[in-house]
Amino acid sequence: MGAADVVPGVSGGTIAFISGIYERLLNAIRSVNGIALKLLFLGRIKELWQHIDGTFLVVLFAGVGTSIIGLSKLILYLLANHPEILWSFFFGLIIASALLVSKSVKQWNAAVIVALIIGAGIAYWVTIAVPVETSNKLWFIFLSGAIAICAMILPGISGSFILLLLSKYEYIIRSLTELNFKVIIAFALGCITGLVSFSRVLHWLLKRYHDLAVALLMGFMLGSLNKVWPWKQVIEYYTDRHGNLKPIIETNVLPTQYLDLTGKEPELTACTALCITGFLAVYLIERLASRKQV
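All residue numbers here refer to positions counted from 1 along the written sequence of the relevant chain. The model is predicted, so local features are restricted to residues of pLDDT at least 70 and side-chain atom pairs to those at 80 or more, both for listing and for counting; the totals for chains, interfaces and linings are taken over all residues. In computing side-chain values, all of the structure's heavy atoms are included and hydrogens and water are not.

(A) Local environment of the overall build of the protein. Secondary structure counts use DSSP, requiring at least four H or I residues in a row for a helix and at least two E residues in a row for a strand, with both numbered from the N terminus. For the protein, the helix and strand inventory stands at 15 helices and two strands. Buried residues are those whose accessible area, probed at 1.4 Å on protein chains only, stays under 20% of the maximum for their type, while exposed residues exceed 50% and partly exposed ones sit between those limits. The burial tally for the protein puts 45% of its 294 residues in the buried class. Contact definition: two residues touch when any of their heavy atoms are within 4.5 Å. For the protein, contacts bridging at least 24 residues in sequence account for 75% of all contacts bridging at least 6.

Structure (structure tokens):
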């Protein structure tokens, strides 16, 4: 989940869904409530730990945090130097994820199909939205964390890409690598606030309208494929506050057109291999998760 959350366009929620821990994650997060606070103040730590599924949360978020810190430099390097290969891996991963999620829908009907289309439309719109210049003040860092974490637990909508739209992706990654604790703490508090609040909404949707919610999440995944298509041509750039040129409008192109339009090799063989690897990785994760549940 941490590795996925680092990449703009890929959701850690997708990994949680295919690994079979998604609903457990939502249940654990929403259990941080008034009952948990009461147990804390009464000093009933063992009951509190069981109530919030503490071991699960600690192990999960320790893994996420370790991966984000450990892989952030590698991911930035790959995005800068080999984006086609990186996007190809996640393209295969997301396609396989969407197919697996579709199996969770118990009954397909018109309403479920509409939910799928709406989810795909929302995710597609997010992928073509234009980044904006924003403040680096702590209150906005807090708000960015709260918004991004909601996307991070939604399969198909990338919290990292939301940060990119808010012009905070590189700023947060740089703060992590440079151990800027003031920014890290503000961002983490925003994430906690957003996570505890939004998990309740998702749990309610999955409990009351399971098929509609799953179809919506599947739509998010399919719509996000527009962002992770490996071969892109930059149409327009913008200059950030540091004077650096950043792509603002991109269009997807065929690998056969990529060399002529960009002057770069499409690396079709490597990209195809990584796409298949990502696809198979999902089924391996799902197979392992199924054995654990049995």
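The rest of the description comes next.
(B) Just a positive patch on the surface, in detail. Note that patches include only residues with greater than 30% relative accessible area and no salt bridge, and the join distances are 9 Å for like charges and 5 Å for nonpolar side chains (Val, Leu, Ile, Met, Phe, Trp, Tyr). Per-residue and other accessible areas follow the Shrake-Rupley method at a 1.4 Å probe size, with only the shown protein chains counted as cover for residues. The salt bridge definition used is simple: a Lys or Arg side-chain nitrogen within 4 Å of an Asp or Glu carboxyl oxygen. Under the convention used here, Asp and Glu are negative, Lys and Arg are positive, and both His and the chain ends fall outside the count. We put the charge of a Lys on NZ, of an Arg on CZ, of an Asp on CG and of a Glu on CD. On the surface, a cluster of positive charge is contributed by Arg30, Arg200, Lys207 and Arg208. With three residues, the top contributor of residues to the positive patch is helix H12 (residues 181-208). With respect to the helices and strands, the residue arginine 200 is situated in helix H12.

(C) Spotlight on the packing of aromatic side chains. What counts as a ring pair is set by centres within 6.5 Å for rings of Phe, Tyr and Trp (its six-membered ring), and what kind of pair is set by the plane angle: stacked under 30 degrees, edge-to-face over 60, tilted for all other angles. According to the stated counting rule, one finds five aromatic pairs in the structure shown. Ring geometry for phenylalanine 89 versus phenylalanine 90: centroids 5.3 Å apart, planes at 80°, classification edge-to-face. The exposure class of phenylalanine 89 is partly exposed, given its relative accessible area of 22%. Relative to tryptophan 229, the ring of phenylalanine 91 lies with its centre 5.5 Å away and its plane at 75°, an arrangement referred to as edge-to-face. Here tryptophan 229 lies in the loop between helix H13 (210-228) and strand S1 (232-239) and phenylalanine 91 lies in helix H7 (residues 83-102), a separation of 138 residues in the sequence. Under the relative-accessibility criterion, phenylalanine 91 is labelled buried at 14%. A relative accessible area of 23% places tryptophan 229 in the partly exposed class. Clustering of aromatic rings is evident, with ring pairs tying together Phe91, Trp229 and Trp231.

(D) Structural context of unusual backbone geometry. One non-glycine residue, aspartate 53, adopts positive backbone phi at about 55°. The topology assignment puts aspartate 53 in the loop between helix H5 (45-51) and helix H6 (54-81). Here the phi dihedral of glutamate 267 falls at roughly 50°; this positive angle occurs in a residue that is not glycine. The topology assignment puts glutamate 267 in the loop between helix H14 (255-262) and helix H15 (268-293). The class of glutamate 267 is partly exposed, set by a relative accessible area of 30%.

(E) Summary view of H13. In this scheme, a helix's expected span is set at 1.5 Å multiplied by one less than its residue total. Along its 19 residues, H13 runs 27 Å from first to last C-alpha, staying within 8% of the 27 Å computed at 1.5 Å per residue. Counting buried positions over the 19 residues of H13 gives 14, a clear majority of the element.

(F) Geometry of the nonpolar core. Residues Tyr22, Leu25, Ile141 and Ile172 are the most contacted members of the largest nonpolar core, which totals 61 residues. Sort the elements by how many residues they give to this core and H7 lands first, with 10 residues. Grouping buried Ala, Val, Leu, Ile, Met, Phe, Trp, Tyr and Cys residues that are joined through side-chain atoms within 4.5 Å yields what is termed a nonpolar core.

(G) Spatial organisation of the state of the cysteines. Pairs of cysteine sulfur atoms within 2.5 Å are identified as disulfides in what follows. A full pass over the atoms with the stated rule returns zero disulfides. Not engaged in a disulfide, the cysteine cysteine 275 finds its nearest cysteine sulfur in cysteine 271; these two sulfurs lie 8.9 Å apart. Here cysteine 275 falls in the partly exposed class, since its relative accessible area comes to 23%.

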